[in-house]
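# Summary of the model geometry
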Amino acid sequence: MRAQFVASEVGNGLRRNLTMTLAVIITVAVSLTLFGVSLLVRAQVDTMKDFWYDKVEVSIFLCAKGSDTPSCAGGAVTPAQRDQIKADLESLRPLVLDIYYESQGEAYARFQEQFANSPIVDSVNESALPESFRVKLADPTQYDVVASAFSGRPGIEQVNDQRQVLDKFFRLLGGLQAIALIIAVVMLIVTVLLVVNTMRVAAFSRRRETGIMRLVGASNLYIQLPFLLEAAVSAGIGAILAVGGLILAKGIVIDQILAPSFQFTAFVGWDAVLGIAPILILVGIGLSGIAAFLTLRKYLRV
Amino acid sequence: MILFDTVTKLYPNQSRPALEEASLEIEKGEFVFLVGPSGSGKSTFLRLVLREERPTAGNVWVLGKDLSRLSNWKIPTLRREIGTVFQDFRLLPNKSVFENVAFALEVIGKPKALINKVVPEVLEVVGLEGKEERRPDELSGGEQQRVAIARAFVNRPKLLIADEPTGNLDPGTSVGIMKLLDRINRLGTTVVMSTHDAQIVDQMRRRVVELENGHVVRDQSRGVYGYAR
């Protein structure tokens, strides 16, 4: 096998078929960028889950004066009820990792801090805010155990799971990921069809050469390799462009735009990009290589 | 060298076979003319020898190999021992004479040093020395066919298949091509040539196999193109 001969054949082929080569590069780049974005969104969801599930807690609000849920019919929570709830929470260890008690005074202080610039602060007084237990679970998905044990008990107004709020957000992100993935798959199908057609045109435009090669006894590998390499090279260029797009998405959209405006949460790091890049290159080159191989088997038969 | 044992070839979607129970043996070193009207089965015969087609029934042996048992990946090895020449030359228009001949060696992975040595030799055999850098469109038809013969012969094949090599040439040029094929035959290569050119066949007085409607109807060791009718 003479590398120089094959290399010059590949170069000639790419140049002669420039429009098709460009088309393949662009579709590969676009489809793989979307594919990469969908992978990045998934990594983002995972990162946020790790970040938030560490912080989420189940809040058990106790009855305050004037609470109107049925379990609060007996008025504000009594010290005995409060101690019993605390004891029951302790009994749920090790599922329950941590328990904080927030008194009405602390709740009011936090409230004032949160709404410092709002006139609402003046209209709320301390006794209207419920005291609460903030419970941290070892496994946040086990929320139901706590909820079923405490909700509806006398003295407890409400059991709240912060995860439910987050889950809505994660579902939104999941939806975005699914859309990106669907578009990516459609684009990848388009890419495969385009590669098939490009190979067909290339095989046709060089039928004279390949015909002679067959007659003088060139092996299949020798005949097909230049075509396969052409497909791989154009797909490789497209994949590298897609990796570039992903780096821009991480470096500009996430780090420059999203991260400064949403400081309360964590974003994917460069390690995610580093993990996705080889997948994109492999998928790009692999897919177009297989498409080219199957096409050539049909059009460059011995 | 070539053995056809009751070979039948029926192409798909055709009612009449292109070859029907044809049997023929060609010995090493022979020069054989394949004659007959268009559609008589000459091209099918040559395509079967090159294993471009498989017979519908019967066996084809070429260079000691049973082609029906030859696996696909061994076909290139077979073809390296068979040179082929066509009526339409089949040269690459954007390559020079030298490059056209060298191409046949490059694509079977021969080293550059060998190519630079044997290509000038074979160009001398076919009488094209000094025209290495010409392009096919700068050559006459006869010269183009000499390039094609050089390409077919450069790997010193044991068998040369020529499908109407003089079909596009005038009689004077054809004689030159026939002398060249004769010379190649004398160098030890078996030559099988299909032709419509009665004058050439009559002059050469070599073995003549006549096909008609897919049957071998005549096989003479020192024959002429056709009987006076």
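Residues numbered from 1 in each chain as written. Chains lettered and ligands numbered in written order. Predicted model: local features only at pLDDT ≥ 70, side-chain atom pairs only at ≥ 80, totals over all residues.

### Focus: the overall build of chain B
Convention followed: In this text, helices come from DSSP runs of H or I with a minimum length of four residues, and strands from runs of E with a minimum of two, each type numbered from the N-terminal end. We take the radius of gyration over the C-alpha atoms and set the globule estimate at 2.2 Å times the residue count to the 0.38 power. The burial label depends on the number of other C-beta atoms within 10 Å of a residue's C-beta. Counts of 20 or more mean buried, 12 or fewer mean exposed, and intermediate counts mean partly exposed, with C-beta atoms placed from the backbone. Two residues form a contact once the distance between their C-beta atoms, set from the backbone, is within 7 Å.
Within chain B one finds 7 helices and 10 strands. Rg of the C-alpha trace for chain B: 18 Å, near the compact-globule value of 17 Å for 229 residues, within the 12% margin. C-alpha extents for chain B along the principal axes are approximately 50 × 45 × 35 Å. Burial statistics for chain B: of 229 residues in total, 42% are counted as buried. For chain B, the proportion of contacts with a sequence separation of at least 24, taken over those separated by at least 6, is 67%.

### Re the overall build of chain A
A count of helical and extended segments in chain A gives 10 helices and 4 strands. Walking chain A from its N terminus toward its C terminus, one meets helices and strands in the order α-α-β-α-β-α-α-β-α-β-α-α-α-α. The C-alpha atoms of chain A give 31 Å as radius of gyration, which overshoots the globular expectation for 302 residues (19 Å, by more than 25%). In terms of overall dimensions, chain A has C-alpha extents of about 100 × 40 × 30 Å along its principal axes. Among the 302 residues that make up chain A, the fraction classed as buried is 33%. Relative to all contacts within chain A whose residues are 6 or more apart in sequence, the contacts with residues 24 or more apart total 85%.

### Topic: the environment of Ile247 of chain A
Residue position: Ile247 of chain A is located in helix 9 (residues 220-261). Between the C-alpha atoms of Ile247 of chain A and Val273 of chain A, which are 26 residues apart in sequence, the distance is 7.0 Å.

### A closer look at the domain arrangement of chain A
Worth spelling out the cut-off: Residue ranges labeled as domains rest on an automatic or database domain assignment.
Domain assignment breaks chain A into domain 1 (3-52 + 167-299) and domain 2 (55-161). Averaged C-alpha coordinates put domain 1 of chain A and domain 2 of chain A at centres separated by 52 Å.

### Regarding the interface of chain B and chain A
Tallying the contact residues gives 15 residues for chain B and 15 residues for chain A. Counting residues per element, the ones that place at least two in the side of chain B that touches chain A are helix 2 (75-80) and helix 3 (97-106) of chain B.

### Looking at unusual backbone geometry
Residues and elements named next belong to chain B. Non-glycine residue Thr6 carries a positive phi angle of around 40°. With respect to the helices and strands, the residue Thr6 is situated in strand 1 (residues 2-9). Assessed through the 13 C-beta atoms surrounding it within 10 Å, Thr6 is described here as partly exposed. Positive phi, close to 55°, is recorded for Arg90, a residue that is not glycine. Within the fold, Arg90 resides in the loop between strand 6 (82-86) and helix 3.

### Re the pairing of strand 3 (residues 132-137) of chain A
All names here are of chain A. Definition in use: Here, any two strands with at least 2 DSSP bridges between them count as paired.
Where strand 1 (residues 58-62) and strand 3 come together, 4 bridges link them in antiparallel fashion. Within strand 3, the residue paired with Val58 across the bridge is Val135. Of the strand pairs in this sheet, strand 2 (residues 96-102) and strand 3 are connected by 6 bridges, and their pairing is antiparallel. Residue pairing for strand 3: Glu102 is matched across the bridge by Ser132.

### A short note on the sheet that holds strand 7 (residues 159-163) of chain B
Residue and element names in this part refer to chain B. Applied cut-off: Fitted lines through C-alpha atoms give the axes, limited to the stretch in contact for helices. The angle between two N-to-C directions lies from 0 to 180 degrees.
Ordered in space as 6-7-8-3-9-10, the 6 strands form an open sheet in which the pairing is mixed. Each edge of the open sheet carries a strand with a single partner, namely strand 6 and strand 10 (215-220). Across the sheet, the mean angle separating the axes of adjacent strands is 15° when strand polarity is ignored. Where strand 6 lies against strand 7, 5 bridges are found, and the strand directions are parallel. Directly across from Ile82, in strand 7, lies its bridge partner Leu159.

### Let's talk about the sheet that holds strand 2 of chain A
Residue and element names in this part refer to chain A. Pairing is antiparallel across the open sheet formed by 4 strands, whose spatial order is 2-3-1-4. Pairing within the sheet leaves two strands with one partner each, and these edge strands are strand 2 and strand 4 (156-161). Taking each pair of neighbouring strands and ignoring which way they run, the sheet shows an average axis angle of 15°. Taken together, the 5 bridges between strand 1 and strand 4 define a ladder with antiparallel strand orientation. The partner of Val58 across the bridge, within strand 4, is Asp161.

### Points about the packing of helix 3 of chain B against helix 4 (residues 112-125) of chain B
All names here are of chain B. Inclusion rule: An angle below 35 degrees is read as roughly parallel, one above 145 as roughly antiparallel, one from 65 to 115 as roughly perpendicular, and any other as oblique. With the far helix as reference, a near helix turned anticlockwise by less than a right angle produces a left-handed crossing, and one turned clockwise produces a right-handed crossing. Gly is put with the polar residues, along with every residue not named as nonpolar or charged; the nonpolar set is Ala, Val, Leu, Ile, Met, Phe, Trp, Tyr, Cys and Pro, and the charged set is Asp, Glu, Lys and Arg.
Two numbers describe how helix 3 lies on helix 4: the axes approach to 10 Å, and their chain directions differ by 125°. Taken together, the axes of helix 3 and helix 4 lie oblique to each other. Handedness of the crossing formed by helix 3 with helix 4: right-handed. Across the interface between the two elements, Val97, Phe98, Val101, Ala102, Leu105 and Glu106 of helix 3 pack against Ile115, Val119, Val122 and Leu123 of helix 4. Its residues assigned to classes, the contact of helix 3 with helix 4 comprises 9 nonpolar, no polar and 1 charged.

### Some details on the domain arrangement of chain B
All names here are of chain B. Examined at the domain level, chain B breaks down into domain 1 (1-81 + 157-224) and domain 2 (91-155). A straight line from the C-alpha centre of domain 1 to that of domain 2 covers 24 Å. Taken together, the contact between domain 1 and domain 2 spans 11 residues of the former and 10 residues of the latter. Grouping the constituent residues of the side of domain 1 that touches domain 2 by class yields 7 nonpolar, 3 polar and 1 charged.

### What to know about the packing of helix 7 (residues 162-205) of chain A against helix 9 of chain A
Residues and elements named next belong to chain A. Packing of helix 7 against helix 9 leaves a shortest axis separation of 11 Å and a crossing angle of 140°. Seen from above, helix 7 lies across helix 9 with right-handed handedness. Two secondary-structure elements touch here, helix 7 through Val195, Met199, Ala202 and Ala203 and helix 9 through Phe227, Glu230 and Ala231. Residue composition of the contact of helix 7 with helix 9, grouped by class: 6 nonpolar, no polar and 1 charged.

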